[in-house]
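In case you want the letters, here they are:
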Amino acid sequence: MNAPEHRVPTVMHVRCPDRLPEDLFRQVLEQLAELSPVVQALPPTAMVVELKGALRYHGSDTGRLGAILRVRTLSRLGVDVRVGIGSSITVAATASAQVPLPGGVLAITPRQTAGWLATLPVEALHGIGPRQAQVLHDYGIHTVGLLAAVPTATVQRLLGGRPGRTASDRARGIDPRPVVPRALPASATVRYAFTRHVLDGAEVRATLLELVVRLGMRLRGRGQVARALTLTLRFAGGGSWEKSRRLQAPTAHDDDLRSLAYQLMDAAGLQRGRLTALALRGEDLLDADQVAEQISLDTAREDRLVAEAAVDRVRAKFGPRIIGPATVYRSAS
């Protein structure tokens, strides 16, 4: 006889090894969809599954469901995943992080949750960042059990109002967030391949600016905005470097994209690396009409946005390369 659902963990958190290519990440999502229709993608390396419906079909052995998923991803895709199962997103995500590499399954039942969480170092609790962990350590709070024992009001004084409340609740296994079905967001990528090996310098910066302009045009033409950028550098000899960062707010404006793209390039710390190609990818895309435009008191920025819209109209009428930043055209001449 199957155990009642409220006595078994109903959330599965899956971690992929490192960052998977987008097509492979999608294939892992498809394997999850065979177990449950409620799958939330958390790119680039994780996903969450609601198991309530799956339990009715597959039975109440959630650990077995995790093992089935791992076997399928390993045999079909060559991807060994780490699976955590718990009564909430926090418990499941914390469990998946505790699975040793390369992969495995850790299921925590509701009865085990409090005792299991209590033994973990505070930084192991899902959602606790390095700075929060350091503050807690400074006050002698080294384990999740100690964090759960501290009054919520005290934790709020240490970490701030909302973050403190969230950390205190999660230390006690409280996390009411539902699993929200969400497919892997679309992305938009622009690339440039050099005809010869190029060292970092003015030519590379001009090329990166050209990619920013092209990406912005593509996003605005689609009526989309990006929430993150990924810069990929390819080097002579076949090596590559890639880094992603979130934008401060969803955007498709050239100024915003350029600022973050330059930060990513600076983060590469290039010395004498010979570049062969660049790629800039806008990720975690949204429809532009889903993002509220904030009223700005920055008149210079507002003027640039008006000019950008006018430039887009000119490009739509006369071609994409009829107008643009002087640096880009100077590098192409």
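These numbers come from a predicted model, not from an experiment.

**Notes on the pattern of salt bridges**
For step 1, the next point in the chain: If you walk through the whole model with that rule in mind, you get twelve salt bridges.
For step 2, the next point in the chain: For the salt bridge of arginine 70 with aspartate 80, the shortest nitrogen-to-oxygen distance reads 2.7 Å. Here arginine 70, found in helix H3 (residues 62–77), pairs with aspartate 80, found in the loop between H3 and strand E4 (82–86); they are ten residues apart in sequence, far enough to count as distant.
For step 3, the next point in the chain: Looking at arginine 70, the relative accessible area reads 26%, which means it is partly exposed.
For step 4, the next point in the chain: With its nearest N and O atoms 2.9 Å apart, the salt bridge here joins aspartate 284 to arginine 246. With aspartate 284 in the loop between strand E9 (274–283) and strand E10 (286–287) and arginine 246 in strand E8 (residues 240–251), this pair connects stretches of sequence that are 38 residues apart.
For step 5, the next point in the chain: It is possible to trace a salt-bridge network through shared partners that takes in Glu34, Arg72 and Arg76.

**Digging into the pairing of strand E7 (residues 224–235)**
For step 1, the next point in the chain: Counting buried positions along E7 yields ten of twelve residues, so the element is predominantly enclosed.
For step 2, the next point in the chain: Looking at chain direction, E7 and E10 are connected through two bridges and run antiparallel. Within E10, the residue paired with valine 225 across the bridge is leucine 286.
For step 3, the next point in the chain: In this sheet, E8 lies alongside E7 in antiparallel orientation, the contact comprising eight bridges.

**Side note on the side chain of threonine 189**
For step 1, the next point in the chain: Along the chain, threonine 189 turns up in strand E6 (residues 188–199).
For step 2, the next point in the chain: If we skip the residues at most four places from it in the chain, threonine 189 touches Arg218, Ala279, Leu280 and Arg281.

**Concerning a positive patch on the surface**
For step 1, the next point in the chain: Where like charges cluster on the molecular surface, the positive patch consists of Arg191, Arg214, Arg218, Arg222 and Arg234.
For step 2, the next point in the chain: Tracing the chain through its elements places arginine 191 in strand E6.
For step 3, the next point in the chain: Assessed through its relative accessible area of 57%, arginine 191 is described here as exposed.

**Side note on the layout of surface pockets**
For step 1, the next point in the chain: There is about 510 Å³ of room inside the second largest pocket.
For step 2, the next point in the chain: Residue lining of the second largest pocket: 21 residues in total, with Arg19, Pro43, Pro44, Ser244 and Glu283 positioned closest to the centre.
For step 3, the next point in the chain: At the level of secondary structure, the elements contributing two or more residues to the lining of the second largest pocket comprise helix H1 (22–33), E8 and E9.
For step 4, the next point in the chain: Here the lining of the second largest pocket gets four residues from one element, more than from any other, and that element is E8.
For step 5, the next point in the chain: Residue composition of the lining of the second largest pocket, grouped by class: ten nonpolar, two polar and nine charged.

**Notes on the packing of helix H10 (residues 202–222) against helix H11 (residues 254–267)**
For step 1, the next point in the chain: Remark: H10 packs on H11, axes separated minimally by 9 Å, with the N-to-C direction vectors making an angle of 140°. Judged by the angle between their axes, H10 and H11 are oblique. In the packing of H10 onto H11, the handedness of the crossing is right-handed. On H11, the residues touching Val204, Arg205, Leu208, Leu209, Val212, Val213, Gly216, Leu219 and Arg220 of H10 are Asp254, Leu257, Arg258, Ala261, Tyr262, Met265 and Asp266.
For step 2, the next point in the chain: Among the residues making up the contact of H10 with H11, the classes are represented as ten nonpolar, one polar and five charged.

Cut-offs used in this document
- Residues numbered from 1 in each chain as written.
- Predicted model: local features only at pLDDT ≥ 70, side-chain atom pairs only at ≥ 80, totals over all residues.
- Heavy atoms only, no water.
- Salt bridge = Lys/Arg side-chain N within 4 Å of Asp/Glu carboxyl O.
- Helix = DSSP H or I, 4+ residues; strand = E, 2+ residues; numbered from the N terminus.
- Buried < 20%, exposed > 50% of the residue type's maximum accessible area, 1.4 Å probe, protein only.
- Pairing = 2+ DSSP bridges.
- Contact = heavy atoms within 4.5 Å.
- Patch = residues over 30% accessible without salt bridge, like charges linked within 9 Å, V, L, I, M, F, W, Y side chains within 5 Å.
- Areas by Shrake-Rupley, 256 points an atom, 1.4 Å probe, with all protein chains shown as cover.
- Lys, Arg positive; Asp, Glu negative; His and termini not counted.
- Charge placed at Lys NZ, Arg CZ, Asp CG, Glu CD.
- 1 Å grid on protein atoms, 1.4 Å probe; cavity = no way out; pocket = protein on both sides within 12 Å on 5 of 7 lines; lining within 4 Å.
- Points joined across faces, edges and corners; volume = space filled by probe spheres on them.
- Nonpolar A, V, L, I, M, F, W, Y, C, P; charged D, E, K, R; others polar.
- Axes fitted to C-alpha atoms, helices over the stretch in contact; angles between N-to-C directions.
- Parallel < 35°, antiparallel > 145°, perpendicular 65-115°, else oblique.
- Left-handed = near helix turned anticlockwise from the far one by under 90°.

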